Amino acid sequence: MISLAFKMLIGNKASCIGVIFGIFLATLLIAQQSAIFLGLVDRSNRIVTDISDPTIWVMDPVTESEDKLRAIPIRYLDLVRGVPGVEWAVPLSLTLIPVVTPAGKFDVSQLYGVDDATLIGAPVQMVEGSIRDLRREGGIIVDSYSANGSLAHVDPNGTTRPLQIGDELEINGRRALVVGICKVTQGFYPQPIIFTSLRQFNKFSPGMSEKVSFILVKTKVNADIPHVAKLINNYSELRALNRQEFKDQIRNFFLKTGILINFGLSVLLGIIIGFSIAGQIFYIMTLENTVYYALIRAIGGTRKMILQMIVFQAAIVGIIGYTLGIGVTVLWGLAIQGTTLAFLFPWQLLLFTGAIVFVICIFTALLSIQKVYHADPKMLMGT
Amino acid sequence: MTKSIAVACKNIKKSYGSDENRVDALKPTDLEIHTGELTLLVGPSGSGKTTLVSIIATILTPDEGDLTLLGHSMNNLTEVEKAKFRSQNIGIVFQSLFLIPSLTVAENVALPLIIEGMKENEALQKAHHLLDKIHLLHKAKFSPTNLSKGQQQRVAIARAMINESSIMICDEPTSSLDHVSGFEIMKFLQELAKNTTKAVLVVTHDPRIFSYADRIIAMSDGEITPEGLKNE
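The rules behind these values
- Residues numbered from 1 in each chain as written.
- Chains lettered and ligands numbered in written order.
- Predicted model: local features only at pLDDT ≥ 70, side-chain atom pairs only at ≥ 80, totals over all residues.
- Heavy atoms only, no water.
- Salt bridge = Lys/Arg side-chain N within 4 Å of Asp/Glu carboxyl O.
- Buried < 20%, exposed > 50% of the residue type's maximum accessible area, 1.4 Å probe, protein only.
- Contact = heavy atoms within 4.5 Å.
- Polar contact = N/O pair within 3.5 Å; in protein donor to acceptor, adjacent residues only side chain to side chain.
- Helix = DSSP H or I, 4+ residues; strand = E, 2+ residues; numbered from the N terminus.
- Nonpolar A, V, L, I, M, F, W, Y, C, P; charged D, E, K, R; others polar.
- Core = buried A, V, L, I, M, F, W, Y, C linked by side-chain atoms within 4.5 Å.

A. Structural context of the pattern of salt bridges. Residue and element names in this part refer to chain A. Scanning the entire structure with this criterion turns up 20 salt bridges over all chains. Here R175 and E168 are joined by a salt bridge, their closest N and O atoms 2.9 Å apart. Residue R175 is classed as partly exposed on the basis of its relative accessible area, which comes to 45%. With a relative accessible area of 37%, E168 lands in the partly exposed category. Through salt bridges with shared partners, a single ionic network connects D116, E137, R199 and K203.

And the structure:
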C-alpha cells in the first residue's frame, strides 16, 4: 500500500511539487532567518568571545554593551587589583572615532586601547605583523575586513590594494601607522575595528585619558569567580560580571532593539507559508483523490489503511521539502563564509526547524484525514 | 454445473430521511441470486436498483432484513469485517469505473490483492496473467487514461475478478459504451458466469443487453415487480 500511496502522490506532479515547494519555502525562511538572527546575536558578543583571558569584566553600572557604555575612572584599577582572589586586572578602553585614509575615505571605527604592559585585549589571530608592534609610536592593528574594504589603500592612479604594514591612516586628526592586520569576529555594525595601546589610545582620544571602559580581571586558580565578582561590586560600586553574565547582558541589550520581533515575524511568515501553501495544496490533492480512497474502501481497504497512506504521503513531502530547505540554507551559509554577512547554524536550529516542519506536516495530514476518513464507498454507487 | 445460492435477501428494507421527509428507497424485498448465472437488475432511475445492489455489495447496511452472502450472514458484521469479506468474495465494477489514473493498468487490476496484503510483485504477476486473458497485456504498463472506454471497462472487470470473488456486481457496465463494445462486455460477463460459476449481477436500464441475461429482475418504486420475477 505504501508504494501505491507514493505513486498516487507523484502521479499528481503539479500538486506534489506545489506541496514540496511550500514546505521547502517554509523551511528555508525559518532556517535561514533564524541562522542570520543567531549569527547577529553571536556577533553582538564578539568583545567577550574575542577577548577570552578575563574571567570577570568590570564596568560602570549603566554600561550594557560596547555600544552603550560609560567610562569609569582609572583609579578603580588599583582598587580592583587589591580585591582578594584577583590574579591580575588590566584596563581596556573603547571608543568610536573617525578614521581617514590617505585617499580621503572617511569612516567611523571602533578603537580599542589595550594595556601597554601586557597587551591583554589585543587580537589573538594575526594575519600580518605582531601585537608587540602596538608599542611603536602611532602603531595600530586593523581588522582584515576593513583592510580589504573601507580602509583599503588607494594609489594616486586609482588602483586599490588591501591595507598593509607600513601604511598610514589618520585617526581623529593624528597620524597612525599600520603595524599589523588581524582577524576578529565581525561586530553587529560594519565598522572598522582598530587596536592600539592604551597610551596611544589616550592620544587619539584625549577626553578619555583618566578613564577606561572596562577593567579586565583574571581570578586566581581555584578562586570562586562569583564571590570575587561580588567583592568587586561591594568594594567599588562598579558592576562586575563573569563572562557568561556579560554575554547575557549584551544579548539582552541587543534583543531590546526589536530585532527579535523582526526576525520572529520572518519565521512566522515561513510558518504561515508552510501551513497555507503546503496545507492547502495537499488538502486539494487529497480531495481530488477522495473517490479513489472511497474505491479502496469499497474493494476491501480499511480506514486505517487510508490513514497510513495519507500520513506516509505527508511524511514524504515533508522530508523532501525539509531536506531541500535545509540544503539551500547550508549552501547559503557556505557561500557567505568569509564575508561580513552573519550566519550561525547550530544543530539545535536543525531540530527547531524540523519540529516546525513536523507540525506543518501533521496539520497538513490531519486536514486531509478528517475529510478522507469519511470517504464512503456509497459515494461510488450509481455514479 | 450445480447452481447454489450466492445472495439471499430476506425482507431487506432501506429508507432515507426521517418523519415526513422519509423516503422508502427499498421496500421489504426478498431475492435470491445464484452462482453460474448472469442476473440483470433493471428498472428506471429511482426504482431502488442502486440501493439494493449497494446492500448486496455490503456497502450499504439495510434498516431491516437479513442478508446472506455465500452462506454467511452479513447482519452482525462490523465495517472492518465487511471490508474483509468484500475483498475476498465480492468484485464490484462501478459505473464510472474509478480506475486510478496515477497507477498503471496492471497496478489498477492488482489493487484488490495489494489491499488484501499480497506482495506487490506477486499481485502484479497475477494481474499480468489476467490482463493476458482479456487481451490487454500489451497495455499493462499504460495509464488507464490512455485506453479506450471499452478497454477501461475490461480493466475494471479484471480488477473485480482478480481476487477470484464468487459474486461480481456491475453497475451500468454498458452505459458509456457503443453497442459493439457493450455487447462484447456482456458476452464476456455471460461467459464469466458460465465458466467460473460466479454469480454476476448487472444493474442496467439498457434493453439491448437483456438477451444476455439468464434472469432479469425488474424493479419499480423500491420493490421487485412481479413481472420482473416472471422473467426467470
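B. Looking closely at the interface of chain B and chain A. With 28 residues of chain B at the interface, the matching set in chain A holds 23 residues. Between the two partners, chain B and chain A, sit two salt bridges. There are five residue pairs in polar contact (both at pLDDT 80 or more) connecting chain B and chain A. Listing elements by their share of the side of chain B that touches chain A, those giving two or more residues are α1 (49-56), α2 (79-89) and α3 (105-116) of chain B. Along the lines of polarity and charge, the residues of the side of chain B that touches chain A split into 16 nonpolar, six polar and six charged.

C. Examining the nonpolar core more closely. By size, the foremost hydrophobic cluster in this structure holds 111 residues, and its most contacted members are I56 and L189 of chain B. If one sorts the elements of this core by residue count, α3 of chain B sits on top with eight residues. Setting aside its immediate chain neighbours within four residues, I56 of chain B contacts V7, C9, L31, I33, L67, L69, I90, I169 and L201 of chain B. Of all hydrophobic cores here, the second largest spans 37 residues; its members include V58, L151, A229 and A240 of chain A.

D. A look at unusual backbone geometry. All names here are of chain B. Non-glycine residue E164 carries a positive phi angle of around 50°. Residue position: E164 is located in the loop between α5 (149-161) and β7 (167-171). Since its relative accessible area comes to 59%, E164 is described here as exposed. Residue E172 is not a glycine yet carries a positive backbone phi of 50°. With respect to the element layout, E172 can be found in the loop between β7 and α6 (179-196).

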